[in-house]
Amino acid sequence: MNKPLALQEVMIDTKFLAKRLESETSGEVMTDVASRGRYATDASIYQTMPVAVFVPKTAEDIVAAIQIAADLGVPVLPRGGGTSQCGQTTGPALVIDNTKYFRNILDINLEQGYVDVQPGIVLDHLNAALKKHQVWYPVDVSTAAQATIGGMAGNNSCGSRSIAYGNMVHNVLGVDAWLADGQAASFGLMKNATGKALELGQFVQSLAHQHQAEIEAKWPKVMRRVAGYNLDIFNNQSERPYTQDGQVNLAHLLVGSEGSLAYYKQLRLALSPLPKHKTLGVVNFTSFYEAMDSAQHIVKLMPSAVELVDRTMIDLSRSNPAFKSVIETALIDVAGKTPEAILLVEFSGEELAPLEKKVKDLVSLMADLGHPGCVVEMINAESQKNLWEVRKAGLNIMMSLKGDGKPVSFIEDCAVPLESLAEYTQDLTEVFSKYGSRGTWYAHASVGTLHVRPILDMRRGGAQKMRAIAEEAAALVKRYKGAFSGEHGDGICRGEWIQWQFGPKLTEALGEIKHAFDPNNLFNPGKIINPPKMDDESLFRFPQTYRVIPLKTSLDWSSWDVQNDPVTEKTTAPGTGGDPSGGFAKAVEMCNNNGHCRKFDAGTMCPSYRVTRDEKHLTRGRANTLRLALSNQLGKDAFLSEDVKEAFDLCVSCKGCKRECPTGVDMAKMKIEYLSHYKKSHGWTLRDRLIAHLPRYSHHIAAIPGLAFMLNLRNTIPGLAFLGEKLTQISAKRSLPTWRRDTAWRSMIGSTEDALFASAKPVVLWADTFNGCFETENIKAAVNVLEASGYTVHIPQKKQGHYCCGRTYLASGMVDEARASAQELLDAFTRYTDKNIPIIGLEPSCILTLRDEFLVMGFGDSAKTLAKGSQTFEEFLVSEATAGRFAPELKACEQQILLHGHCHQKSFDAVKPIISLLKMIPQAQPQLIESSCCGMAGSFGYESEHHQVSLQMAEMQLLPAIRQAPDAIVLADGSSCRHQIKDGADREALHVARILEMHLK
């Protein structure tokens, strides 16, 4: 039998390994501690530093890497999205990342119903390509936006609709793979097998025959069983056979093997017709037990999915602005008591009418079961889609609890027969209570697999409770004849339970399979065969010895510095959590590595990763780098090192993660905090100072005759731009904003303050630096629109300049200067907020700073009052229109309007008001460009070293969409966005205020 491979046993000459990889492959090789640290974790509680990280560019690179590793005795760990929840993709090995280059569709054969793919392709990307053919790959896991096909096959993933389509193993037709010596082998139907695949298949078949009685006695009979290797493919024990016709497919030996038997080269997947219609019935329950007990009856209606969302998750969703309005569409009584559970019951098929009847049948069934009036009938496709997105985010929503107590994954995939589900959940709830915890339940009620994670503090005795709960849960699973591992694989947290599930004889047989495939134990050792103990503290991400460095923060992070009660989930007062960094470390630690930031669909996060596909430039990668540095795992003084600086280098502070990360990791704010420390230590450059102090010196440029003209020559004389780049590192390839003398404040736009206070419809229009200095026409347009509807508009100013939020200072890490500027604005605007006069702004990044960073700069209640009283221009007008105070006379729109939302607008859900405002224009049909960050991001796109990646961000969606509509009006509220569009597409983009002004009668 193979021995477990502990970290200390791996004695590798890393430099020699790297040298060979660099000389014999075209791939990317990383051996520095920061890069390895970013691959040391997955979405589990575990962490192990890899030997090195390799990113192959070709299949030949992978073969060479496997052979080099074999020569040197280095373990190999293939990795996809790194989202495994059991520690499968952590280990002291050469981690090979398939996601950057090894992610192509190789062949689509609609006639025979299959698609061939490389293992690094993401499920959502695959299905997006298949959609035009009206087919899909139906193993729809909740992490579809980041989960790779290779990882899904490695874990034998299942998904929400497995009741209709089965698990991964039921949908894989073949696997071409490399064995541990680099030899290629094709695994498919055994009758067609040849060479090494046939030899291995015959060996496993002999084992299966030898242990047939033991298999029939010990193998779980539920469909949701993903533990160990699939030894029963020769004598099926599942309630859903591996193949429809009973043939043996050797590819099924590799599905669920967690990279421990072979390295996937390509996979052949079975395609399914894409359902033309779906309906949804959302059943509200006042009792969790009754919800579970009803599942066995609901499945008789033949739904395609029955998914659970419990009360805790409903409440967490309602507290998250990204999910609140959607989850409330699922509730019978939004104003009433939150249901203890809801079941999402989906029906799908070719015709809509029968599916609508299915929902009516569900309503009748629930009435017959004693639950009349408890079903929300959801027929609208968009409403269904939105609700499913919240359900898919369930796990990550759960992980958004503040404090060190977190829902821990280790028994969440236990599967039991459906008729025992209610009793099992009730018994397990009592176990949690016994150990001072409670669980949050969600997922697959249709197949008896309910994900549940008790809340445990792994830094303070959580490991002991974890083992005790696991042991009692195992006894329950055995009593109800279920499977301990029902979906997410074995990894570390469930590996040791394989022997408990199958017994010593079958476990030994599994070991023989491993030895036959991988005689030197080099493929992901310690997984499935001879795994470590689940509570081995040396493998934890947060062991009891975990400590962070003391840090005096520049921003207030105390709201994260709390502890929580595992039963009530209530948190202690801010600042009482014992964090030496004042809550900064705890905010960073909210990243649980779920990888949602790897998505490429609608939304903003994470624009730099979308361009580079490098883990370093991912929100998760930055959070891991910060966490390791703050906990002294990257070496002495690592917090201010180049490693952390490089991780932040391409962060454009878009705030996409603030809204889109389900656990609330706000990397833009973390970048401000980091820069404040780094720049104080290393100093500010000339470029930093020019950008940061722009609000101060801009007025002098406008006031001195001829100076603006002289500075503008830079845009027309190439030599000056080149010289400027040498001096300031501002790219010569960029045009700069045009300086002007008629700034908003020199033009005397608007009314006096006395007129404001005397008005029945007063509004303060705060002129920011960018619109006020460079695009005065936007300020004038806003005033004209407001005054046309009877508003009295006042633009505050001071003797030597204007009031500034400090945004440019924050972007440069000058928090003290930003705080002084913000305090000045706060003091000046208090006289308006005291009189409930609305304060509105045109530049999203500025006006929204009042509702974001102002709240963590130590200003107390006055900042909260200002935040409540400040709105974007469009938010204000839409709210006024709703109240009947804004009804402008507008002429019809004769052009298409393309809208690009500023990242900060997206973060605060402030794009929808723009669309609502535009729809007030007769015949206007605004179209939102589904784009991430424009790439300019304040000063980022002007910086010479970032110019190229800035344009790459814009070219992903934004600029192509604009070029495809040459006659459209382009709308962009952000000044940086407008400049990017001008430079990249040679089109003038307009602020919404100007578009409204254009249409005034």
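See the structure shown above.
What counts, and at which threshold
- Residues numbered from 1 in each chain as written.
- Predicted model: local features only at pLDDT ≥ 70, side-chain atom pairs only at ≥ 80, totals over all residues.
- Heavy atoms only, no water.
- Core = buried A, V, L, I, M, F, W, Y, C linked by side-chain atoms within 4.5 Å.
- Buried < 20%, exposed > 50% of the residue type's maximum accessible area, 1.4 Å probe, protein only.
- Helix = DSSP H or I, 4+ residues; strand = E, 2+ residues; numbered from the N terminus.
- Contact = heavy atoms within 4.5 Å.
- Pairing = 2+ DSSP bridges.
- Axes fitted to C-alpha atoms, helices over the stretch in contact; angles between N-to-C directions.
- Polar contact = N/O pair within 3.5 Å; in protein donor to acceptor, adjacent residues only side chain to side chain.
- 1 Å grid on protein atoms, 1.4 Å probe; cavity = no way out; pocket = protein on both sides within 12 Å on 5 of 7 lines; lining within 4 Å.
- Points joined across faces, edges and corners; volume = space filled by probe spheres on them.
- Nonpolar A, V, L, I, M, F, W, Y, C, P; charged D, E, K, R; others polar.
- Salt bridge = Lys/Arg side-chain N within 4 Å of Asp/Glu carboxyl O.
- Phe/Tyr/Trp six-rings, centres within 6.5 Å; stacked < 30°, edge-to-face > 60°.
- Lys NZ or Arg CZ within 6 Å of the ring centre and 35° of its normal.

A. Structural view of the nonpolar core. In terms of nonpolar packing, the biggest core is built from 117 residues, with Leu626, Met670, Trp766, Phe854 and Phe873 touching the most fellow members. It is helix α33 (residues 815–833) that provides the largest number of residues to this core, a total of eight residues. Excluding residues within four positions of it along the chain, Phe854 makes contact with Cys805, Ala822, Leu825, Thr849, Phe859, Ala863 and Leu866.

B. Main features of the sheet that holds strand β8 (residues 172–178). The antiparallel open sheet is built from five strands, whose spatial order is β5-β6-β10-β8-β9. Single-partner strands in this sheet number two, and they are β5 (105–109) and β9 (184–187). Within the sheet, the average angular offset between the axes of one strand and its neighbour, ignoring direction, is 10 degrees. The pairing of β5 with strand β6 (residues 114–117) spans four bridges and is classified as antiparallel.

C. Spatial organisation of the environment of Ser409. Mapping Ser409 onto the fold places it in the loop between β16 (406–407) and α16 (421–434). Residue classification places Ser409 among the buried positions, given a relative accessible area of 5%. A polar contact is formed between the side chain of Ser409 and the side chain of Glu412, at a distance of 3.4 Å.

D. Structural view of empty space enclosed by the protein. For the structure shown, the criterion picks out seven cavities of 30 Å³ or more. Among the secondary structure elements, those contributing two or more residues to the lining of the largest cavity are β3 (76–79), α5 (149–155), β10 (263–270) and β17 (439–444). Ranked by residue count, the leading element in the lining of the largest cavity is α5, at five residues. For the lining of the largest cavity, a count of residues per class yields eleven nonpolar, 25 polar and five charged. Within this model, the second largest cavity holds a volume of roughly 370 Å³. Lining the second largest cavity are 25 residues, with Ile45, Met399, Lys406, Arg541 and Phe542 sitting closest to its centre. For the lining of the second largest cavity, the secondary-structure elements that each account for two or more residues are β16 and β18 (449–456). For the lining of the second largest cavity, a count of residues per class yields twelve nonpolar, four polar and nine charged.

E. Representation of the pairing of strand β2 (residues 52–55). Neither face of β2 is left uncovered, since the one carrying Ala52 and Phe54 and the one carrying Val53 and Val55 both have all their residues buried. Pairing geometry for β2 and strand β4 (residues 94–97), over three bridges, is parallel. Paired with Phe54 across the strands is Ile96, a residue of β4.

F. View of the side chain of Asp768. Looking at where Asp768 falls in the secondary structure, it is placed in the loop between β19 (762–766) and α30 (769–774). From its side chain, Asp768 meets the backbone nitrogen of Phe770 in a polar contact 2.9 Å long. Polar side-chain contacts of Asp768 include one of 2.9 Å to the backbone nitrogen of Asn771. Dropping the residues within four chain positions of it, Asp768 is found in contact with Trp745, Cys773, His802, Leu842, Glu843 and Cys846.

G. Spatial organisation of the environment of Asp490. Mapped onto the elements of the fold, Asp490 is located in the loop between α17 (462–479) and α18 (497–517). Each C-alpha atom, one on Asp490 and one on Gly151, is 13 Å from the other, the two residues being 339 residues apart in sequence. The contact partners of Asp490, leaving out residues within four places of it in the chain, are Cys86, Gln88, Val226, Ala227, Gly228, Glu258, Ser485, Gly495, Ile498 and Ile528. A polar contact is formed between the side chain of Asp490 and the backbone nitrogen of Gly228, at a distance of 2.8 Å.

H. Molecular detail of unusual backbone geometry. The peptide bond linking Met605 to Cys606 adopts the cis configuration, its omega dihedral lying at -10 degrees. Take Cys606: it is sitting in the loop between α19 (584–588) and α20 (607–612). Its identity is not glycine, yet Asn524 carries a phi of approximately 40 degrees, on the positive side. Locating Asn524 in the fold gives a position in the loop between α18 and α19.

I. Summary view of the pattern of salt bridges. Across all of its chains, the model carries 61 salt bridges by this definition. Close ionic contact of Asp614 with Lys100 constitutes a salt bridge, the shortest N to O distance being 2.6 Å. Highlighted residues: Asp614 in the loop between α20 and α21 (619–630) and Lys100 in the loop between β4 and β5, separated in sequence by 514 residues. Judged by relative accessible area, which is 21%, Asp614 ranks as partly exposed. The partner of Lys912 in a salt bridge is Asp909, with the nearest N and O atoms 3.7 Å apart. In this structure, a network of salt bridges that share partners links the residues Lys655, Lys658, Asp666, Lys669, Arg807, Asp852 and Glu853.

J. Local environment of the packing of aromatic side chains. Per the counting criterion, the structure on display carries 27 aromatic pairs. For the ring pair Tyr697 and Trp739, a centre distance of 6.4 Å and an interplane angle of 45 degrees mean the geometry is tilted. With Tyr697 in helix α26 (residues 694–703) and Trp739 in the loop between α28 (718–728) and α29 (753–758), the pair connects residues that are 42 residues apart, well separated along the chain. Seen from their ring centres, Trp766 and Phe829 are 6.4 Å apart, and the 80 degrees between their planes marks the pair as edge-to-face. Separated by 63 residues along the polypeptide, Trp766 in strand β19 and Phe829 in helix α33 bring together distant segments of the chain. Classification of Trp766 as buried rests on a relative accessible area of 2%. The rings of Trp557, Phe584, Phe639, Phe648, Tyr674 and Tyr678 are connected pair by pair, giving a single aromatic cluster. Just above the ring of Trp388 sits the side chain of Arg161; from NZ or CZ to the centre is 4.6 Å.

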